[in-house]
Amino acid sequence: MTSQSTPSRRQTIISKLFQFCRQIIGPNTSAKSASVSSEPIVVTRGEHGISRKQFSPNAIKVLYRLKDGGYDAYLVGGCIRDILLGQQPKDFDVVTNATPDQVKKLFRNCRLIGRRFRLAHIVFGREIIEVATMRGHHEAPEDKNQISQSSDQGQLLRDNVFGSIEEDAERRDFSINALYYSINDFSIHDYANGLAAIKAKQIELIGDPETRYREDPVRMLRAVRFATKLDMSIAPKSEKPITELASLLDNIPPARLFEEVLKLFLNGKAEANFLMLRKYGLFKSLFPDLDSILNKKPGGLEHTLVQQMFQNTDERINADKKVTPAFIFAALLWFPLLARTKEIQEQEQLVEYDAFAQAMNKVLSDSAQHIAVPKRFTLGARDIWHIQHRLDKRAGQRAYRLTQQPRFKAAYDFLLLRVDAGETQHTELAQWWTQYLGQDINGQKEMVKNLGHPGGPKPRKRTRRRAPKKPAE
């Protein structure tokens, strides 16, 4: 009964909020570019129906501590958006007019992070409440607390410019994230028609899309992720410049892109994100070698394997099963690895295994220029690749020893993935390992004994000839 009433209540809340917005701002707002108003739409506690019980208790503590310290404080962005959409928020972000140093003085459990924009992290055990100072326009006059720097392409390199809540709303990326929950009267302040965007199910940039993408190209990845996560579409004006500006992602530090890739592929919407990244040309800046291979063979084995891997990843995540980034990167770099192996074999006349070992180093080195994958995951990918070459060597104790390798299960799953994608030449090998893993120790020994002669006579045991005894003296 509860599961049926929750969606209808959510729809009623959003519908009432939308009607409230239309009375003030008029119809057809979704067709226009999102802009920020100096006088927001204020939705009172009785009109939006959101309770403080739906927020993290630690986030509420932070809000009240800032309020008691004489500062303005709001919950902002995703947590408000997700609750309105009936989803469970993962993060609770706070915005305030207190500077990072002032926030640190209020909280002993605070640490300051960030260079591009200074943030305060309030640590409550395993939960972190992120507190940001309201941002201002980066053209503002500089002083010791107002530091801004842009690249020649318009990308913001440093952005420690503080301002008012209206300016902060203008600096938000999407209209659905410019929603502020006030701890003073529990109202929602909508500065950019975010409630209307939620109703219209559109991801819409605030301000001029090209300028905003140039300021931070990662916004293009965020637009894709929000669209798939929230089951929305990217508004036409926000969508139009993406393909043309996709190459700006090349200017983003590889370490930051690694974090964004994890958000894209470990959120239960990996397949949808993969297809949308390919659609807009964003995948090329993340995995250029694989993108080139996929373009040469549209709909081929390579595309099938990658898409199937993402489908499997989504199924595991949505079933609360463990997923390791090492497996994802092993799959994404597999075909560039094979191509580089073949190239090295032809150029240096090496045997396949030696060429394969050299190719691994080269592929991982090239990939690191775009995405800085931590060593613990690249080592895992290496193990998965190495074991692929050892899976057909099963005689004696080899099969048993191989199963004792830490990455064996991941490597076995990778073999199954290859077969499912169309590498039928490995079907018999995959079936053998599946049967082997289902046997007890005696059954496994018997399977190894029968390798090469199924059902046939066992090999003749060779007897050792003893040397004749020397005659006694």
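Calculation criteria
- Residues numbered from 1 in each chain as written.
- Predicted model: local features only at pLDDT ≥ 70, side-chain atom pairs only at ≥ 80, totals over all residues.
- Heavy atoms only, no water.
- Buried < 20%, exposed > 50% of the residue type's maximum accessible area, 1.4 Å probe, protein only.
- Helix = DSSP H or I, 4+ residues; strand = E, 2+ residues; numbered from the N terminus.
- Pairing = 2+ DSSP bridges.
- Expected span 1.5 Å × (residues − 1).
- Contact = heavy atoms within 4.5 Å.
- Salt bridge = Lys/Arg side-chain N within 4 Å of Asp/Glu carboxyl O.
- Core = buried A, V, L, I, M, F, W, Y, C linked by side-chain atoms within 4.5 Å.
- Domains from an automatic or database assignment.

Residues in a regular strand project their side chains so that they alternate between the two faces of the sheet. Burial along strand β4 (residues 110-113) is one-sided: Cys 110 and Leu 112 are buried, and none of Arg 111 and Ile 113, which face the opposite way, are. As paired elements, β4 and strand β5 (residues 119-124) share four bridges and run antiparallel to each other. In the sheet register, Arg 111 faces β5, and the bridge partner there is His 121.

Moving on to helix α16 (residues 301-318). When the terminal C-alpha atoms of α16 are compared, their 26 Å separation across 18 residues agrees well with the 26 Å that a helix rising 1.5 Å per residue should span. In this fold, the buried residues of α16 make contact with α12 (254-265), α13 (270-280), α15 (288-296), α17 (325-332), α18 (334-348) and α22 (408-421). Where α16 ends, the next residue or the one after it, Asp 320, has phi of about 60°, a positive value.

So, on to the pattern of salt bridges. Per the counting criterion, the structure on display carries 20 salt bridges. Residue Arg 172 is joined to Asp 168 by a salt bridge in which the shortest nitrogen-to-oxygen separation is 3.0 Å. Grouping residues by exposure puts Arg 172 and Asp 168 together as buried. Connected via shared salt-bridge partners are Arg 340, Glu 343, Lys 362 and Asp 366.

Grouped together as the largest cluster of nonpolar side chains are 104 residues, with contacts concentrated most on Leu 75, Phe 265, Leu 282, Phe 287, Leu 332 and Trp 385. Residues from two domains meet in this core; each of domain 1 (14-20 + 35-137 + 160-200) and domain 2 (291-451) gives at least three. Ignoring sequence-local partners within four residues, the contact set of Leu 332 consists of Phe 265, Phe 283, Phe 287, Leu 290, Val 306, Met 309 and Phe 310.

Relative to strand β6 (residues 127-133), strand β3 (residues 93-96) is paired through four bridges, and the arrangement is parallel. Bridge assignment links Val 95 to a residue of β6, and that residue is Ala 132. Alignment of β5 against β6, held across six bridges, turns out to be antiparallel. Residue pairing for β6: Ile 122 is matched across the bridge by Ile 129. Between the antiparallel neighbours β5 and β6 lie two residues, among them Gly 125 with a positive phi of about 65°.

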